[in-house]
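# Per-entry structural report
Chain residues, written in single-letter form:
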Amino acid sequence: MLSRATKFPARTPRIRRFAPLALGLGVVLGAATLTGAAAAPSRVEVSEAGSAMTLASSTKSAVTLQADEYDFSAAPLGPLTSSYLTKNWSTASIGDGLSRASVVDDNGTPRLRISLPKGAVGASSSGSTWRRTFPGTLEATSEYWVRFDPNFDWTKGGKLPGLQGGAKIDPGGGADPHSFSSRYMWNDGGKLTLYLYHSQMEGEYGDSYDLGTLKKGQGYVLKQRVKMNTPGVANGELEVWVDGVRKLIRTDMRWRPSGYSWNITSLYWSVFHGGNNAAYAPNRNNWIDFDRVRVTRRES
Ligand SMILES: [Ca+2]
(Lines give C-alpha, C1' and ligand atoms only; values in the text may rest on other atoms or scores of the structure.)
Protein backbone atom coordinates (compact mmCIF):
# COMPACT_ATOMS: atom_id res chain seq x y z
CA MET A 1 0.00 0.00 0.00
CA LEU A 2 1.09 3.57 -0.49
CA SER A 3 2.60 5.25 2.47
CA ARG A 4 1.66 8.81 3.23
CA ALA A 5 5.15 9.85 2.20
CA THR A 6 4.79 8.45 -1.30
CA LYS A 7 1.49 10.25 -1.69
CA PHE A 8 3.22 13.58 -1.20
CA PRO A 9 6.46 13.35 -3.13
CA ALA A 10 7.69 16.78 -2.08
CA ARG A 11 8.49 15.20 1.26
CA THR A 12 9.83 11.89 0.06
CA PRO A 13 13.55 11.37 -0.53
CA ARG A 14 12.94 8.85 -3.31
CA ILE A 15 12.52 11.41 -6.06
CA ARG A 16 14.99 10.89 -8.86
CA ARG A 17 15.72 12.35 -12.25
CA PHE A 18 14.23 11.25 -15.54
CA ALA A 19 15.25 7.90 -16.90
CA PRO A 20 17.24 8.36 -20.15
CA LEU A 21 14.30 7.26 -22.29
CA ALA A 22 11.99 9.70 -20.57
CA LEU A 23 14.48 12.49 -21.17
CA GLY A 24 14.55 11.52 -24.83
CA LEU A 25 10.79 11.74 -24.95
CA GLY A 26 10.87 15.23 -23.49
CA VAL A 27 13.35 16.42 -26.08
CA VAL A 28 11.32 15.03 -28.92
CA LEU A 29 8.13 16.57 -27.62
CA GLY A 30 9.81 19.92 -28.03
CA ALA A 31 10.64 19.13 -31.62
CA ALA A 32 7.12 17.96 -32.28
CA THR A 33 5.79 21.27 -31.01
CA LEU A 34 7.84 23.09 -33.59
CA THR A 35 7.11 20.84 -36.52
CA GLY A 36 3.61 19.60 -35.82
CA ALA A 37 1.71 22.52 -37.30
CA ALA A 38 4.09 23.59 -40.04
CA ALA A 39 5.64 20.52 -41.60
CA ALA A 40 3.87 18.05 -43.84
CA PRO A 41 3.76 15.13 -41.47
CA SER A 42 4.38 11.68 -42.80
CA ARG A 43 1.35 10.32 -40.98
CA VAL A 44 -1.59 12.49 -40.11
CA GLU A 45 -4.34 11.28 -37.88
CA VAL A 46 -6.18 14.54 -37.39
CA SER A 47 -6.86 17.37 -39.78
CA GLU A 48 -5.86 20.23 -37.52
CA ALA A 49 -2.37 19.09 -36.74
CA GLY A 50 -0.74 15.78 -36.25
CA SER A 51 2.63 14.27 -36.71
CA ALA A 52 4.54 11.11 -36.20
CA MET A 53 8.24 10.81 -36.02
CA THR A 54 10.82 8.19 -35.41
CA LEU A 55 13.71 8.73 -33.11
CA ALA A 56 16.51 6.70 -31.75
CA SER A 57 16.24 6.08 -28.05
CA SER A 58 19.20 5.71 -25.77
CA THR A 59 19.24 2.03 -26.63
CA LYS A 60 19.35 2.80 -30.37
CA SER A 61 16.05 1.08 -30.98
CA ALA A 62 13.46 3.05 -32.91
CA VAL A 63 10.70 4.68 -30.90
CA THR A 64 7.84 6.29 -32.77
CA LEU A 65 5.94 9.11 -31.16
CA GLN A 66 2.50 10.01 -32.38
CA ALA A 67 1.63 13.61 -31.53
CA ASP A 68 -1.85 15.03 -32.08
CA GLU A 69 -2.73 18.63 -31.36
CA TYR A 70 -6.10 20.35 -31.44
CA ASP A 71 -6.24 24.12 -31.64
CA PHE A 72 -9.84 24.31 -32.89
CA SER A 73 -8.82 26.21 -36.01
CA ALA A 74 -10.53 23.51 -38.11
CA ALA A 75 -13.75 23.67 -36.12
CA PRO A 76 -16.55 26.03 -37.13
CA LEU A 77 -17.38 28.73 -34.61
CA GLY A 78 -20.45 27.90 -32.58
CA PRO A 79 -21.64 24.66 -31.05
CA LEU A 80 -19.14 21.83 -31.12
CA THR A 81 -20.56 19.04 -33.25
CA SER A 82 -20.33 15.32 -32.84
CA SER A 83 -19.16 15.09 -36.47
CA TYR A 84 -16.20 17.35 -35.70
CA LEU A 85 -15.28 15.27 -32.68
CA THR A 86 -15.66 11.98 -34.49
CA LYS A 87 -13.61 13.17 -37.44
CA ASN A 88 -10.88 15.03 -35.61
CA TRP A 89 -10.64 13.43 -32.21
CA SER A 90 -11.27 9.78 -33.19
CA THR A 91 -13.69 9.87 -30.33
CA ALA A 92 -15.11 6.49 -29.54
CA SER A 93 -17.42 7.65 -26.82
CA ILE A 94 -19.21 10.97 -26.52
CA GLY A 95 -20.75 11.29 -23.11
CA ASP A 96 -22.77 14.06 -21.54
CA GLY A 97 -23.00 17.70 -22.39
CA LEU A 98 -21.81 18.09 -25.97
CA SER A 99 -24.44 20.86 -26.19
CA ARG A 100 -22.45 22.73 -23.54
CA ALA A 101 -19.30 22.79 -25.71
CA SER A 102 -18.70 25.46 -28.33
CA VAL A 103 -15.89 27.08 -30.27
CA VAL A 104 -15.58 30.79 -29.54
CA ASP A 105 -13.55 33.57 -31.16
CA ASP A 106 -11.29 34.93 -28.42
CA ASN A 107 -9.94 38.10 -30.08
CA GLY A 108 -9.12 36.17 -33.24
CA THR A 109 -8.09 32.93 -31.55
CA PRO A 110 -10.56 30.05 -31.71
CA ARG A 111 -10.88 28.28 -28.40
CA LEU A 112 -13.06 25.54 -26.98
CA ARG A 113 -15.48 26.90 -24.37
CA ILE A 114 -17.20 24.56 -21.95
CA SER A 115 -20.26 25.95 -20.19
CA LEU A 116 -21.03 25.11 -16.58
CA PRO A 117 -24.53 26.38 -15.82
CA LYS A 118 -25.67 28.00 -12.61
CA GLY A 119 -26.79 25.46 -10.03
CA ALA A 120 -25.70 22.47 -12.12
CA VAL A 121 -23.68 19.65 -10.55
CA GLY A 122 -22.35 16.46 -12.12
CA ALA A 123 -21.51 15.41 -15.68
CA SER A 124 -25.12 15.02 -16.76
CA SER A 125 -25.98 18.69 -16.26
CA SER A 126 -22.63 20.51 -16.04
CA GLY A 127 -19.77 20.74 -18.55
CA SER A 128 -18.87 18.12 -21.16
CA THR A 129 -17.53 14.59 -21.16
CA TRP A 130 -16.04 12.48 -23.93
CA ARG A 131 -13.04 10.27 -24.59
CA ARG A 132 -10.38 10.80 -27.19
CA THR A 133 -9.30 7.18 -27.62
CA PHE A 134 -6.10 5.90 -29.19
CA PRO A 135 -4.32 2.58 -29.62
CA GLY A 136 -3.08 1.33 -26.29
CA THR A 137 0.36 2.59 -25.39
CA LEU A 138 2.84 2.18 -22.56
CA GLU A 139 3.70 5.88 -22.34
CA ALA A 140 1.75 9.02 -23.16
CA THR A 141 1.44 12.69 -22.37
CA SER A 142 -1.54 15.00 -22.34
CA GLU A 143 -1.33 18.76 -22.34
CA TYR A 144 -3.71 21.68 -22.75
CA TRP A 145 -4.15 25.36 -22.11
CA VAL A 146 -6.98 26.19 -19.74
CA ARG A 147 -8.49 29.45 -18.50
CA PHE A 148 -11.32 29.90 -16.03
CA ASP A 149 -13.97 32.56 -16.50
CA PRO A 150 -12.80 35.77 -14.71
CA ASN A 151 -15.97 35.50 -12.60
CA PHE A 152 -15.82 31.75 -12.12
CA ASP A 153 -17.48 30.36 -9.01
CA TRP A 154 -15.06 27.72 -7.77
CA THR A 155 -17.51 26.16 -5.33
CA LYS A 156 -16.14 23.05 -3.61
CA GLY A 157 -14.68 21.90 -6.93
CA GLY A 158 -14.88 20.18 -10.28
CA LYS A 159 -13.04 18.04 -12.81
CA LEU A 160 -10.54 18.67 -15.60
CA PRO A 161 -9.34 16.22 -18.29
CA GLY A 162 -6.42 13.79 -18.09
CA LEU A 163 -5.16 10.43 -19.31
CA GLN A 164 -6.95 7.17 -18.72
CA GLY A 165 -6.19 3.52 -19.28
CA GLY A 166 -7.80 0.14 -18.98
CA ALA A 167 -11.48 -0.25 -18.30
CA LYS A 168 -13.73 2.73 -17.64
CA ILE A 169 -13.27 3.92 -14.09
CA ASP A 170 -15.97 3.51 -11.53
CA PRO A 171 -15.84 6.74 -9.52
CA GLY A 172 -16.35 6.04 -5.87
CA GLY A 173 -15.69 2.37 -6.34
CA GLY A 174 -12.31 2.32 -4.64
CA ALA A 175 -9.12 0.75 -5.98
CA ASP A 176 -9.59 -1.15 -9.24
CA PRO A 177 -6.92 -3.40 -10.79
CA HIS A 178 -8.39 -2.91 -14.29
CA SER A 179 -7.79 0.81 -14.86
CA PHE A 180 -6.38 4.19 -13.93
CA SER A 181 -7.40 7.77 -14.58
CA SER A 182 -5.33 10.87 -14.01
CA ARG A 183 -7.66 13.84 -14.12
CA TYR A 184 -7.33 17.12 -12.26
CA MET A 185 -9.68 18.89 -9.91
CA TRP A 186 -10.07 22.53 -9.14
CA ASN A 187 -11.10 22.98 -5.53
CA ASP A 188 -12.26 25.69 -3.15
CA GLY A 189 -10.46 28.95 -3.82
CA GLY A 190 -8.88 27.69 -7.05
CA LYS A 191 -6.62 25.10 -5.47
CA LEU A 192 -5.54 22.65 -8.18
CA THR A 193 -4.97 18.97 -7.49
CA LEU A 194 -4.22 15.87 -9.50
CA TYR A 195 -7.14 13.50 -8.99
CA LEU A 196 -5.78 10.02 -9.47
CA TYR A 197 -7.59 6.72 -9.59
CA HIS A 198 -5.21 3.77 -9.56
CA SER A 199 -4.97 0.20 -8.42
CA GLN A 200 -3.10 1.04 -5.21
CA MET A 201 -5.28 3.90 -3.98
CA GLU A 202 -6.53 3.58 -0.44
CA GLY A 203 -9.81 5.42 -0.44
CA GLU A 204 -13.18 5.19 -2.09
CA TYR A 205 -12.35 8.13 -4.39
CA GLY A 206 -9.14 9.09 -6.14
CA ASP A 207 -5.95 10.25 -4.44
CA SER A 208 -5.25 14.00 -4.47
CA TYR A 209 -1.90 15.69 -5.05
CA ASP A 210 -1.50 19.41 -4.46
CA LEU A 211 -0.43 21.29 -7.62
CA GLY A 212 -0.77 24.89 -6.48
CA THR A 213 -3.49 27.53 -6.83
CA LEU A 214 -5.10 28.90 -9.99
CA LYS A 215 -6.33 32.44 -10.60
CA LYS A 216 -9.51 33.21 -12.45
CA GLY A 217 -9.10 34.71 -15.90
CA GLN A 218 -5.52 33.54 -16.29
CA GLY A 219 -4.32 30.89 -18.77
CA TYR A 220 -2.32 27.88 -17.61
CA VAL A 221 -0.82 24.86 -19.36
CA LEU A 222 -1.42 21.58 -17.57
CA LYS A 223 0.73 18.68 -18.71
CA GLN A 224 1.14 15.15 -17.49
CA ARG A 225 3.14 12.10 -18.48
CA VAL A 226 2.22 8.55 -17.59
CA LYS A 227 4.36 5.48 -18.16
CA MET A 228 3.03 2.03 -17.43
CA ASN A 229 4.82 -0.31 -15.07
CA THR A 230 6.00 -3.85 -15.50
CA PRO A 231 2.91 -5.69 -14.23
CA GLY A 232 3.25 -6.22 -10.49
CA VAL A 233 6.38 -4.06 -10.23
CA ALA A 234 6.42 -0.55 -8.74
CA ASN A 235 8.32 1.03 -11.63
CA GLY A 236 5.59 3.02 -13.41
CA GLU A 237 5.98 6.75 -13.79
CA LEU A 238 3.86 9.86 -13.35
CA GLU A 239 4.83 13.47 -13.87
CA VAL A 240 2.79 16.67 -13.82
CA TRP A 241 3.76 20.17 -14.89
CA VAL A 242 1.92 23.47 -14.51
CA ASP A 243 3.20 26.11 -16.95
CA GLY A 244 6.32 24.02 -17.50
CA VAL A 245 7.16 23.77 -13.80
CA ARG A 246 7.20 20.20 -12.59
CA LYS A 247 4.90 19.81 -9.62
CA LEU A 248 4.91 16.05 -9.20
CA ILE A 249 7.08 13.11 -10.09
CA ARG A 250 6.69 9.50 -9.09
CA THR A 251 8.70 6.60 -10.40
CA ASP A 252 7.19 3.96 -8.15
CA MET A 253 3.70 3.60 -9.57
CA ARG A 254 2.27 0.10 -9.54
CA TRP A 255 -0.42 0.90 -12.11
CA ARG A 256 -0.92 -2.73 -13.18
CA PRO A 257 -0.92 -5.53 -10.65
CA SER A 258 0.70 -8.81 -11.58
CA GLY A 259 -1.30 -10.55 -14.29
CA TYR A 260 -2.79 -7.36 -15.81
CA SER A 261 -1.58 -6.05 -19.17
CA TRP A 262 -3.90 -3.14 -20.03
CA ASN A 263 -2.30 0.17 -20.97
CA ILE A 264 -3.02 3.84 -21.68
CA THR A 265 -5.94 4.22 -24.06
CA SER A 266 -7.51 7.68 -23.95
CA LEU A 267 -7.60 11.30 -23.05
CA TYR A 268 -10.56 11.41 -20.70
CA TRP A 269 -12.21 14.73 -21.50
CA SER A 270 -14.03 15.35 -18.25
CA VAL A 271 -15.15 18.87 -17.30
CA PHE A 272 -17.90 19.60 -14.78
CA HIS A 273 -18.72 21.04 -11.38
CA GLY A 274 -18.84 18.20 -8.85
CA GLY A 275 -18.94 16.17 -6.69
CA ASN A 276 -22.56 15.42 -6.36
CA ASN A 277 -24.12 17.89 -3.95
CA ALA A 278 -25.02 21.55 -3.55
CA ALA A 279 -21.58 22.47 -2.23
CA TYR A 280 -20.36 22.08 -5.82
CA ALA A 281 -23.16 24.10 -7.46
CA PRO A 282 -22.04 27.44 -8.98
CA ASN A 283 -24.00 30.59 -8.20
CA ARG A 284 -23.82 31.79 -11.81
CA ASN A 285 -23.39 30.53 -15.36
CA ASN A 286 -19.64 30.09 -15.83
CA TRP A 287 -17.32 28.77 -18.47
CA ILE A 288 -13.85 27.31 -18.86
CA ASP A 289 -11.84 27.83 -22.07
CA PHE A 290 -9.43 25.27 -23.50
CA ASP A 291 -6.95 25.38 -26.36
CA ARG A 292 -3.88 23.61 -27.79
CA VAL A 293 -4.96 20.21 -26.56
CA ARG A 294 -2.08 17.87 -27.21
CA VAL A 295 -1.69 14.14 -26.83
CA THR A 296 1.50 12.21 -27.55
CA ARG A 297 2.02 8.50 -27.31
CA ARG A 298 4.74 6.00 -27.92
CA GLU A 299 3.97 3.49 -30.60
CA SER A 300 6.73 1.02 -29.86
CA1 LIG B 1 -7.07 27.85 -30.73
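Preceding block: the structure.
Now for a quick tour of the structure.

The rules we used
- Residues numbered from 1 in each chain as written.
- Predicted model: local features only at pLDDT ≥ 70, side-chain atom pairs only at ≥ 80, totals over all residues.
- Helix = DSSP H or I, 4+ residues; strand = E, 2+ residues; numbered from the N terminus.
- Pairing = 2+ DSSP bridges.
- Axes fitted to C-alpha atoms, helices over the stretch in contact; angles between N-to-C directions.
- Contact = placed C-beta atoms within 7 Å.
- Core = buried A, V, L, I, M, F, W, Y, C linked by C-beta atoms within 7 Å.
- Buried ≥ 20, exposed ≤ 12 C-beta atoms within 10 Å, placed from the backbone.
- Arc of directions from axis to C-beta.

## Topic: unusual backbone geometry
- Note that the residue after Gly-274, namely Gly-275, is joined by a cis bond; omega there is -20°.
- With respect to the helices and strands, Gly-275 occurs in the loop between β16 (264-273) and β17 (286-298).
- Unlike most non-glycine residues, Thr-155 shows phi in positive territory, near 55°.
- Mapped onto the elements of the fold, Thr-155 is located in the loop between β8 (139-148) and β9 (157-166).
- Of note, the phi angle at Arg-292 is positive, near 45°, even though the residue is not glycine.
- Tracing the backbone through its elements, the reader meets Arg-292 in strand β17.

## Some details on the environment of Gly-172
- With respect to the helices, strands and loops of the structure, Gly-172 is situated in the loop between β9 and β10 (179-187).
- In this structure, the C-alpha to C-alpha distance between Gly-172 and Gly-206, residues 34 residues apart in sequence, is 7.8 Å.

## So, the sheet that holds β16
- Spatially, the 7 strands line up as an open sheet ordered β4-β7-β16-β9-β10-β11-β12, and their pairing is antiparallel. Looking at the sheet topology across the chains shown, the edges are occupied by β4 (91-94) and β12 (207-213). Ignoring strand direction, the axes of neighbouring strands in this sheet form an average angle of 20°.
- Alignment of strand β11 (residues 191-197) against β12, held across 5 bridges, turns out to be antiparallel. Within β12, the residue paired with Leu-194 across the bridge is Tyr-209.
- Sheet strands in contact with helix α3 (residues 82-89) are β4 and β7 (128-137), and its direction is about 145° off that of β4.

## Remarks on the nonpolar core
- Core analysis: the largest hydrophobic core is formed by 55 residues, its most contacted members being Leu-80, Leu-112, Ile-114, Leu-194, Ile-288 and Phe-290.
- For this core, the element with the highest residue contribution is β16, accounting for 6 residues.
- Contacts of Leu-194, omitting those with residues within four sequence positions, involve Ser-182, Tyr-184, Tyr-209, Leu-211, Val-240 and Leu-248.

## Quick look at the pairing of strand β13 (residues 219-227)
- Pairing of β8 with β13 involves 9 bridges; the strand directions are antiparallel. Bridge pairing in β13 links Trp-145 to Val-221.

## Notes on the environment of Tyr-209
- Residue position: Tyr-209 is located in strand β12.
- Assessed through the 21 C-beta atoms surrounding it within 10 Å, Tyr-209 is described here as buried.
- Expressed as a C-alpha distance, the spacing of Tyr-209 and Tyr-195, which sit 14 residues apart in the sequence, is 6.9 Å.
- Ignoring sequence-local partners within four residues, the contact set of Tyr-209 consists of Thr-193, Leu-194, Leu-196 and Leu-248.

## Quick look at α3
- When α3 is considered as a whole, its buried residues turn out to be Tyr-84, Leu-85, Asn-88 and Trp-89. Considered in projection along α3, the buried side chains sweep an arc of 95° and stay on one side of the axis. Opposite the buried face of α3, at more than 90 degrees from it, the exposed residues are Ser-82 and Ser-83.
- The positive-phi residue at the C-terminal boundary of α3 is Ser-90, with phi of around 50°.

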